[in-house]
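The residues making up each chain are set out below.
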Amino acid sequence: MYYNSRIETMPLAQLRELQSKRLKSMLRRLYDQVPFYKELFTKEGLRPEDIKGIEDIHKLPFTTKEDLRKNYPFGLLAESMDQIRRIHASSGTTGKPTVVGYNQNDLEIFDEVVARSLYAGGARPGMKLHNAYGYGLFTGGLGMHGGATKLGMAVIPVSGGMTDRQLMILKDFEPEVICCTPSYAQTLADECKKRGIDPRELKVQYAILGAEPWTETIRIQVEHGLQVKASNIYGLSEIIGPGVSQEDVEEKGTGSYVWEDHFFPEIVDRDTGKPLPYGEEGVLVFTTLTKEAMPLLRYWTNDICSLRYDPNGKRTHIKMGSIKGRADDMLIIRGVNLFYTQVEEIIKEFDLLVPNYQLIVSREGNLDKVLVKVETGEGVDAGNEALAHRLKEKIRSTIGLNMDISLEYFGAIPRSQGGKLKRVIDTRR
Ligand code: DLL
């Protein structure tokens, strides 16, 4: 039932004790090894010994992406370079990438949390993993690879792109598990259909999807189009990579287990930074409890979601809900806060539309404009003005914004080629 049953079902009181112990030694390390943190603590009048346990965590300052940028590339390492065994980087929206480093122990933790995640997603030792996350500086490819190896799977390191070859491998190598972004899984499902490949001929049973926000509609499409059970994997380079949290394939839709023995999650108010109670939506913040090469304290992820314990869940660890969007790519359109997923929610109510879309944001004079380009279903006329009008009205009455609509033919909007899909093109900046 579990990859690591002792940890995954550890009673909460015991988990808290473990977290407290780990937090204290992590703070000592930050203070002694990272000048940035020593300065930050001094500025706040804090010493590591002021923190008695995990319940004091809210007294500590946040770390932001800006702090990583200012210390680019290696300024936040708590370990000398000769102990570093891997470096990853994720591209930011502007300028230099965010750089992270791992020592041997960190890589072992990475493998452990990914192995747990794969297991919760349905993978078992002896199965083959079709790994279509990108290999390279992105943590997806190598991260999933390491965890699958640890679990005892045979990894097929396909990486992203070259859809023809992906389909051939899916058919001929008969992997039982695939991992990729949800949008790429949609691409693969569409291509199967186009080429007349019956997904039931494939042996793939489980899809472990993440690295970008997705919805229940996409789950249904992928599950149907590839004949798999699809579960969510979440993570970010700064904290480790994929495997910070994972949905159990038998508890779909109830949230993803955060591996709390390694990553302590909080939800805070996006404006005040104050901790919010379980169930409320706010910014997700993580503290790494065990990472040695680059521990981070209260890292402000900018991802918006909520946390809750599930009394009916198989594991004791907390669950995070699906990511509603990012606080920093939240759009402000004529003063209205907008997550593009809100538009997606509306699109999916229309049977004649498919949720493959793009929002093009521009400014005319002082007025923000949004153009919604959305595909119609196969065989549906993209010139259907009544349909465009109904969508426009629904958006106006639900979100309170007038948007322009451009219906596109099925297949007209670029599909993911394996990387993260760009849903919003904001030309105002
Ligand atoms: O995307 C790590 C990863 C790889 C996760 C493979 C899952 C699978 P970054 O490139 O640093 O790391 O991007 C992290 O991607 O803060 C979220 O905004 C978003 N993200 C990642 N997973 C999910 C998910 C990897 N399951 C950023 N749902 C995060 C929604 C996700 N958003």
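All of these numbers come straight from a predicted model, not from anything done at the bench.

Turning our eyes to something else, we now look at the sheet that holds strand β20 (residues 404-408). Pairing is mixed across the open sheet formed by 4 strands, whose spatial order is β20-β19-β18-β21. Sheet topology places β20 and β21 (424-426) at the edges, where each strand pairs with a single neighbour. Strand-to-strand, the axes of this sheet are offset by a mean angle of 15 degrees, without reference to chain direction. One ladder, built from 3 bridges, connects strand β18 (residues 353-364) with β21; its direction is parallel. In the sheet register, Val361 faces β21, and the bridge partner there is Asp426. Each of β18, β19 (367-376) and β20 is contacted by helix α11 (residues 385-399), which is oriented at about 140 degrees to β20, the strand it contacts most.

Let us now look at the environment of Asp32. Take Asp32: it is sitting in helix α2 (residues 12-33). Judged by its relative accessible area of 46%, Asp32 is partly exposed. Placed 16 residues apart in sequence, Asp32 and Pro48 show a C-alpha to C-alpha distance of 9.7 Å.

Another point: the packing of aromatic side chains. A complete count under the given rule lists 8 aromatic pairs for this structure. Aromatic pair Phe36 and Tyr37: ring centres 5.0 Å apart, planes at 75 degrees, arrangement edge-to-face. Taking relative accessible area as the criterion, Phe36 reaches 18% and is therefore assigned buried. Centroid distance Phe62 to Trp300: 5.1 Å. Interplanar angle 85 degrees. Geometry classified as edge-to-face.

The subject of this paragraph is the layout of surface pockets. Any empty space left between atoms is shown by rolling a water-sized probe over those atoms. The calculated volume of the second largest pocket comes to roughly 400 Å³. Lining the second largest pocket are 17 residues, and of these Ala189, Asp190, Lys193, Gln221 and Gly225 lie nearest its centre. Among the elements that make up the lining of the second largest pocket, the one with the highest residue count is helix α8 (residues 182-194) (5 residues). Residues that form the lining of the second largest pocket fall into these classes: 7 nonpolar, 6 polar and 4 charged.

Close to the ligand lie 22 residues; Asn232, Ile233, Ser237, Asp303 and Lys420 are nearest. In this structure, a nitrogen atom belonging to the ligand sits 2.7 Å away from a main-chain N or O atom of Ile233. Measuring from an oxygen atom of the ligand, one finds a side-chain N or O atom of Arg326 at 3.2 Å. Mapped onto the shell around the ligand, the elements with two or more residues apiece are α6 (139-151), β7 (229-236) and β8 (241-247).

Topologically, Ile57 is positioned in the loop between α3 (35-44) and α4 (65-70). Assessed through its relative accessible area of 4%, Ile57 is described here as buried. Placed 234 residues apart in sequence, Ile57 and Lys291 show a C-alpha to C-alpha distance of 17 Å. The residues touching Ile57, leaving out its near neighbours within four places in the chain, are Leu23, Phe264, Glu266, Thr287 and Arg298.

The next point concerns the packing of helix α7 (residues 163-172) against α8. Orientation of α7 relative to α8, taken along the N-to-C sense of each, is 75 degrees, at an axis distance of 11 Å. Looking at the two axes, α7 sits roughly perpendicular to α8. For the pair α7 and α8, the contacting residues are Thr163, Gln166, Leu167 and Leu170 in the first and Tyr184, Thr187, Leu188, Glu191 and Cys192 in the second. Considering only residue class, the contact of α7 with α8 consists of 5 nonpolar, 3 polar and 1 charged.

Our focus in this paragraph is the pairing of β7. Most of β7 is tucked away, with 6 of its 8 residues classed as buried. In terms of strand pairing, strand β6 (residues 206-210) meets β7 through 5 bridges, oriented parallel. Bridge assignment links Ala207 to a residue of β7, and that residue is Ala230. Traced from β6 through helix α9 (residues 216-226) to β7, the parallel crossover comes out right-handed. What sits between β7 and β8 in their antiparallel hairpin is a turn of 4 residues.

Time to look at the domain arrangement of the protein. Structurally, the protein comprises domain 1 (1-324) and domain 2 (331-426). The C-alpha-based centres of domain 1 and domain 2 are spaced at 29 Å. Taken residue by residue, the interface counts 21 residues in domain 1 and 17 residues in domain 2. Here domain 1 meets domain 2 over a buried area of about 1,500 Å², counting both sides, of which 48% is carbon and sulfur. Remark: the boundary between domain 1 and domain 2 carries 2 salt bridges. Linking Lys193 and Glu378 is a salt bridge whose minimum nitrogen-to-oxygen distance equals 3.0 Å. At the junction of domain 1 with domain 2, the criterion picks out 8 residue pairs in polar contact (both at pLDDT 80 or more). Put simply, the parts of the chain that give the side of domain 1 that touches domain 2 at least two residues each are α8 and α9. For the side of domain 1 that touches domain 2, the leading source of residues is α8, giving 6 residues.

What counts and how
Residues numbered from 1 in each chain as written. Predicted model: local features only at pLDDT ≥ 70, side-chain atom pairs only at ≥ 80, totals over all residues. Heavy atoms only, no water. Pairing = 2+ DSSP bridges. Helix = DSSP H or I, 4+ residues; strand = E, 2+ residues; numbered from the N terminus. Axes fitted to C-alpha atoms, helices over the stretch in contact; angles between N-to-C directions. Contact = heavy atoms within 4.5 Å. Buried < 20%, exposed > 50% of the residue type's maximum accessible area, 1.4 Å probe, protein only. Phe/Tyr/Trp six-rings, centres within 6.5 Å; stacked < 30°, edge-to-face > 60°. 1 Å grid on protein atoms, 1.4 Å probe; cavity = no way out; pocket = protein on both sides within 12 Å on 5 of 7 lines; lining within 4 Å. Points joined across faces, edges and corners; volume = space filled by probe spheres on them. Nonpolar A, V, L, I, M, F, W, Y, C, P; charged D, E, K, R; others polar. Near = heavy atom within 4 Å. Polar contact = N/O pair within 3.5 Å; in protein donor to acceptor, adjacent residues only side chain to side chain. Parallel < 35°, antiparallel > 145°, perpendicular 65-115°, else oblique. Right-handed = clockwise from strand over helix to strand, strands pointing away. Domains from an automatic or database assignment. Buried area = accessible area lost by both parts, 1.4 Å probe. Salt bridge = Lys/Arg side-chain N within 4 Å of Asp/Glu carboxyl O.

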